[in-house]
Amino acid sequence: AGRNYRKLVALADEELELSFDELGDAFLLDMELNEVRDAWGQIDEQGSRRSSWTAQLKADLDGIEGERRSICAAELARLLDALLGIAHLLPNDLERLVEELTHETNLLILSNRDVHATLVARLEQREVKQQRERRERWEQRLLAWRQLRHAHAVACYQQALHAPHVVSPPERAEALADLSAAQRAAQARRE
């Protein structure tokens, strides 16, 4: 159960890194806002999947522990029957012996459940922390997207303002030439 969980989490981590790689500066400029938001949807979905895997791990561990408890109960019952059959001790003494073994087994099972609960709680805490970190990382990429788009828009506007047809339009050159000719003609008439 634990190995499968680790494999799934490792694969999910790789997918998450690929998702964040797609939000790199080289790709952000070409993306629209809805695409950046969709990327968060994919990242958030991974968090939901990971939470379900943790719940499945908990269920698997509970199932394993329940199976172990059943097996131990059956084996202790078989041991008691076998010891009674061979008359190893008096029945009351045998029952006390098996009762002590049962008590030790129950303590072990309770200890295992406590360890499993602690493990699952830590995994859930880690997942919540990682989800928060993923959200913060995505928000940084969203901010980078906004800054890149803003800088790109300003650069395009500046380029458009400094274009030759804006700085020195042909119509203006013609109008200035006509004005200059008119001024020379007016000056010539005055003289």
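Refer to the structure above for everything that follows.
A. Broad picture of the overall build of the protein chain. Counting secondary structure elements, the protein chain contains 6 helices and 0 strands. Along the protein chain, helices (α) and strands (β) appear in the sequence α-α-α-α-α-α when read from the amino end. Relative to its length of 191 residues, the protein chain is extended, with a C-alpha radius of gyration of 39 Å against a globular reference of 16 Å. C-alpha extents for the protein chain along the principal axes are approximately 145 × 20 × 15 Å. Here the protein chain, with 191 residues, has 23% of them falling under the buried criterion. Only carbon and sulfur atoms are counted for the fraction: they give 56% of the accessible area of the protein chain, which is about 13,800 Å². In the protein chain, which carries 26 positive and 34 negative side-chain charges, the distance between the mean positions of the two groups comes to 6 Å.

B. A look at the packing of aromatic side chains. For the structure on display, the rule yields 1 aromatic pair. For the ring pair Trp40 and Trp138, a centre distance of 5.6 Å and an interplane angle of 40 degrees mean the geometry is tilted. Pair noted here: Trp40 is in helix H3 (residues 33-86) and Trp138 is in helix H4 (residues 91-161), with a separation of 98 residues, a long-range link. Here the two residues Trp40 and Trp138 agree in accessibility, since each one is buried. Taking the ring centre of Trp40 as reference, the NZ or CZ of Arg135 above it sits at 4.7 Å. One Lys or Arg, Arg137, reaches over the ring of Phe20 and ends 4.0 Å from the middle of that ring.

C. A look at the pattern of salt bridges. Scanning the model with the defined rule gives 13 salt bridges in all. Overlapping salt bridges bring together Asp13, Arg50, Glu127 and Arg134 as one network.

D. Region of interest: the packing of helix H1 (residues 2-21) against H4. Orientation of H1 relative to H4, taken along the N-to-C sense of each, is 10 degrees, at an axis distance of 12 Å. By the angle between their directions, the pair H1 and H4 is classed as roughly parallel. Contacts from Tyr5, Val9, Leu16, Glu17 and Phe20 of H1 reach H4 at Leu123, Arg126, Arg134, Arg137, Trp138 and Arg141. When grouped by side-chain class, the residues that make up the contact of H1 with H4 number 6 nonpolar, no polar and 5 charged.

E. Quick peek at a nonpolar patch on the surface. Taken together, the side chains of Tyr157, Leu161 and Val166 define a hydrophobic patch exposed on the protein surface, amounting to about 280 Å² of accessible area. Along the chain, the position of Leu161 falls in helix H4. Residue Leu161 is classed as partly exposed on the basis of its relative accessible area of 35%.

F. Region of the structure containing a negative patch on the surface. On the surface, a cluster of negative charge is made up of Glu95, Glu99, Glu100 and Glu104. A relative accessible area of 51% places Glu100 in the exposed class.

G. Just the side chain of Thr105, in detail. With respect to the helices, strands and loops of the structure, Thr105 is situated in helix H4. Assessed through its relative accessible area of 18%, Thr105 is described here as buried.

H. Layout of the environment of Leu148. Its place among the elements puts Leu148 in helix H4. When residues no more than four places from it in sequence are discounted, the contact partners of Leu148 are Asp25, Leu28 and Leu29.

What counts and what doesn't
Residues numbered from 1 in each chain as written. Predicted model: local features only at pLDDT ≥ 70, side-chain atom pairs only at ≥ 80, totals over all residues. Heavy atoms only, no water. Helix = DSSP H or I, 4+ residues; strand = E, 2+ residues; numbered from the N terminus. Rg over C-alpha atoms; globule rule 2.2 N^0.38 Å. Buried < 20%, exposed > 50% of the residue type's maximum accessible area, 1.4 Å probe, protein only. Areas by Shrake-Rupley, 256 points an atom, 1.4 Å probe, with all protein chains shown as cover. Lys, Arg positive; Asp, Glu negative; His and termini not counted. Charge placed at Lys NZ, Arg CZ, Asp CG, Glu CD. Phe/Tyr/Trp six-rings, centres within 6.5 Å; stacked < 30°, edge-to-face > 60°. Lys NZ or Arg CZ within 6 Å of the ring centre and 35° of its normal. Salt bridge = Lys/Arg side-chain N within 4 Å of Asp/Glu carboxyl O. Axes fitted to C-alpha atoms, helices over the stretch in contact; angles between N-to-C directions. Parallel < 35°, antiparallel > 145°, perpendicular 65-115°, else oblique. Contact = heavy atoms within 4.5 Å. Nonpolar A, V, L, I, M, F, W, Y, C, P; charged D, E, K, R; others polar. Patch = residues over 30% accessible without salt bridge, like charges linked within 9 Å, V, L, I, M, F, W, Y side chains within 5 Å.

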